[in-house]
Amino acid sequence: MLASIAIFGVLVIVFVLSHVIPGDPVVAILGGQAREDVIEAVRRRWGLDRPLYEQFFRFVVRLARGDLGMSLATNRPVAMDLRAFFPATIELATAAIVIGAGAGLAVGIVSAVAHGKWVDHVVRFLSLIGLSMPVFWLGLVLLLLLYARLGWLPGPGQLDIFVSRPPGVTGLLTVDALLARDFAAFRNAFSHLILPAVVLGSHALVGIARITRASMLEVLGQDYVKVARAKGLAERTVILRHALKNALLPIITVIGIYYGGLLEGAVLTETVFAWPGLGRYATSAMLSQDFAGIMGVTLLIALVFSFANLIVDLAYGFLNPKIRYE
Amino acid sequence: MRALLHALAVLLLLAVAILPAAAGAAPSRVPKNVLVFGTNTADIVSLDPAQAFEFTGVWVNYHTYDTLVDYSRDFSRVVPRLASSWTASPDLRTYTFTLRPATFHSGAPVNAQAVVFSVQRVFALKMAPSFLVTDFIKAPTDVVAVSPTQLRVTFSQPMPEMLMAAVFGNPVTGVVDPALVRRNATPDDPQANKWLTANEAGSGPYILMNWTRNFKIEMRGFDNYWKGRPSMGRIFIQDMPEAATQLLALQQGDIDVAMGLLPGQFRQIAGTAGFQVKQTPTFTIRYLTMNVGFQPFSRPQVRNAVKYALDYEAYKRLYEETIDPGQTIVPAGMFAHLKDRPYTRNLDRARALMREGGYEQGFKAELMVPIDPTLPSVAAKMKEDLAQIRIDVEVKVLRNADILGVYRAQRHQMAIQRWGADYPDPANLATAFADFDSRVLAWRNQWDHAVKAKVKQAAAERDPAKRAALYAEIQKTVLDEGPYAIFAYPLRLNAMRTNVKGVDPSPLYETYDLSNATKE
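Residues numbered from 1 in each chain as written. Chains lettered and ligands numbered in written order. Predicted model: local features only at pLDDT ≥ 70, side-chain atom pairs only at ≥ 80, totals over all residues. Heavy atoms only, no water.

Asker: Let's hear about the pattern of salt bridges: which residues, and what values?
Answerer: All names here are of chain B. If you walk through the whole model with that rule in mind, you get 34 salt bridges over all chains. Lys278 is the partner of Asp504 in a salt bridge, and the nearest nitrogen-oxygen pair spans 3.0 Å. Placement of Asp504 in the loop between strand E19 (500-501) and strand E20 (518-519) and of Lys278 in strand E12 (residues 275-281) is noted, with a sequence separation of 226 residues between them. For Asp504, a relative accessible area of 43% gives the class partly exposed. With a relative accessible area of 18%, Lys278 lands in the buried category. Taken together, the shared-partner salt bridges in this structure form one network comprising Asp311, Arg345, Lys381, Glu384 and Asp385. (Salt bridge = Lys/Arg side-chain N within 4 Å of Asp/Glu carboxyl O. Helix = DSSP H or I, 4+ residues; strand = E, 2+ residues; numbered from the N terminus. Buried < 20%, exposed > 50% of the residue type's maximum accessible area, 1.4 Å probe, protein only.)

Now the structure itself:
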């Protein structure tokens, strides 16, 4: 219920903001050379000549019917655009969070266990570099190194252009390729996924490593950990079974936030790697003031965040039996 | 610890040093009968010929749809395409076209009725490029199929051949297959505009095989094209929004042609074995505009002072030599272009003109400039230049859409803008820049000058020599009195591998013809 109110609130705010900022979406789409009469005709056709409240009312009525409207920038239903672009983002974001969370946890744990030693210093130093490094720059450097110089990984795009897309079942290329038992397409799609996922996951990695380290340091100083060690338990058991489980709550929260953020689309990574995801679509919708596109993306992102928060909340209950939801 | 970090740094340096250099051309991964372009395709709204008005979309349509006529590569004359011949009435208002035998990609024959149908769609849809038809043809009923192979068109004004081609050589009148369109029409969308957004129903040299937004466009040569199958079997246009990525993909042999490199990257690749950079002037103009409705610019002396204060050579350097410094409204390479370039930086003259105009003490003005890799630097230099004649410029870098809103409402003071010819005839430029009544640029800048009568006269003039003389006169007037300081004719550059032949960028983007492309 609260989530529904929040989502509606977000929609109202974004609708109003996107309509009150200066600029004309029709002019943005048609450009500087379109004639005045054509601009007026298009404005009428899309209902943009109507008062703001009427436009919002129409939007809500359409939304209630499950219709997100037509995109001015792509001349097709926004729902179709989201279906086309969001899976690419889900695929990239999921791969990125797997890399970021997996490596971030490992690095954070190692750093906490080796607290104050050289490994810890190196990890903290690299974390600082990782946080400061612009994604755009990192993407280009990795492309230069791993694609252009070493040839280990393919270049930009979600798939080689000569490789046919597998039939779209889920929209996730790697999954669809596996479902179609097209292993060549799977290998190709997977290899294309690695580099952008590493780049996109690098920031999550650093953030997760830092929170893991801090959380583990706090837990490792607790009495029950000392007791576990005094009992003669193996160090691995102490860290992974006793310490980590109790340190996970803030880490899970951060992972949830990162994943939600990644699912919004990453315009810079998508631009460098020519990735046909939601980030570029959202940016292009914003630049051209494509109201229907902006509202569709907003709704999707609001839903994604609500869903990510729900998963995090459920994970709390699983990790800490003291937390119960009524 | 320190020793370890040092060792790590040395190892990293060594690793980078022993890697093979990336500057040379890696072997191409693209087969010989396939041509791959890398460019940003996000501009495409629709591939419906009655709607497409963006660079990439119109360029694709040029290859998937046939028009009645085309321009010769040097834009000096009109050449046949679907129409094998045509005749014009003595008053140049009525043209009769004879169609050659041709088939749509669906296998259906192309006939005069299909041409009528296609023009009627443009009227019915009234999309962005529709003015290219409706400015010259009053009603859809003025296009009549006399027989299956003959078509009569009555224009609303005398149409010299080059102007006729503005209508029937433009992809907006690309001939669509009526049966296919009707099959995909719906009660909500009787013109099948939504279907044609991502599909095609043409008869051009290439068939659109696939368009995945923000990924790729794939076209295959049409076996039954009336001119014979094009030399290149397949053409891909791969979406690559980032210039650096395009450069790497070109070097690695994943694409044959990079269309969107930055000026410095073009220079870098031009000096590398295995690559070539082809360039052409474009029918495009970059200009600084001054709103005559803003008090200081109502004085012609002040406008000319600005023109004399600008450092045109510096802008060329900022563009890294990728512009031609033309100053007249008809760009180089187009019929009737006037080569005059009277304005070079002359601060004494500029200050004297400011004095004559009554603004010796200067004034404040706002300059709007679009977000762009180079233009903000150009605007900063202009600010510096104009400060020399006491014009205190405030530069505002904005989305072009925002600038256009202000520009169209006549509320700007100064702005940097561009104009690309809609068709390669001076009538287009003269109408935009000098005809106040047409409500385009002269109107936006509130410059209502008697020269507009000459614009109308020139468009209707049948004698080429007289036409050229009239356009020369118009250009001279705009140059001397107009509210525009034209500082660039941008060049179009494409970087490609040296084995690519017959791919020559065109001054008019959409007529970038690939039908003669081959690879060695």
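Now that the structure has been shown, we can carry on.
Asker: Tell me about the packing of helix H15 (residues 426-434) of chain B against helix H18 (residues 464-481) of chain B, and please be specific about residues and values.
Answerer: Residues and elements named next belong to chain B. One can describe the packing of H15 onto H18 by two numbers: an axis separation of 11 Å at closest approach and a directional angle of 30 degrees. By the criterion of interaxial angle, the relationship of H15 to H18 is roughly parallel. Of the two elements, H15 crosses H18, and the hand of that crossing is left-handed. Where H15 approaches H18, its residues Pro426, Ala427, Ala430 and Ala434 are matched on the opposing element by Arg467, Tyr471, Ile474 and Val478. A breakdown of the residues in the contact of H15 with H18 according to their chemical character gives seven nonpolar, no polar and one charged. (Axes fitted to C-alpha atoms, helices over the stretch in contact; angles between N-to-C directions. Parallel < 35°, antiparallel > 145°, perpendicular 65-115°, else oblique. Left-handed = near helix turned anticlockwise from the far one by under 90°. Contact = heavy atoms within 4.5 Å. Nonpolar A, V, L, I, M, F, W, Y, C, P; charged D, E, K, R; others polar.)

Asker: So what's going on with the environment of Gln191(B)? Which residues, and what values?
Answerer: Residue and element names in this part refer to chain B. Position of Gln191 among the secondary structure elements: in the loop between helix H6 (178-183) and helix H7 (193-198). On the basis of relative accessible area, Gln191 is assigned to the buried category, the value being 19%. Note: C-alpha distance between Gln191 and Val181 (ten residues apart in sequence) is 6.8 Å. Apart from the residues lying within four places of it in its own chain, the contact partners of Gln191 are Arg121, Ala124, Leu125, Val181 and Leu196.

Asker: Kindly report on the confidence of the model for chain B, identifying the contributing residues and their values.
Answerer: In this model, chain B carries a mean pLDDT of 92, and residues with pLDDT of at least 70 account for 95%. Both scores are available for the predicted complex, with the pTM at 0.87 and the ipTM at 0.84. (pLDDT = per-residue confidence, 0-100.)

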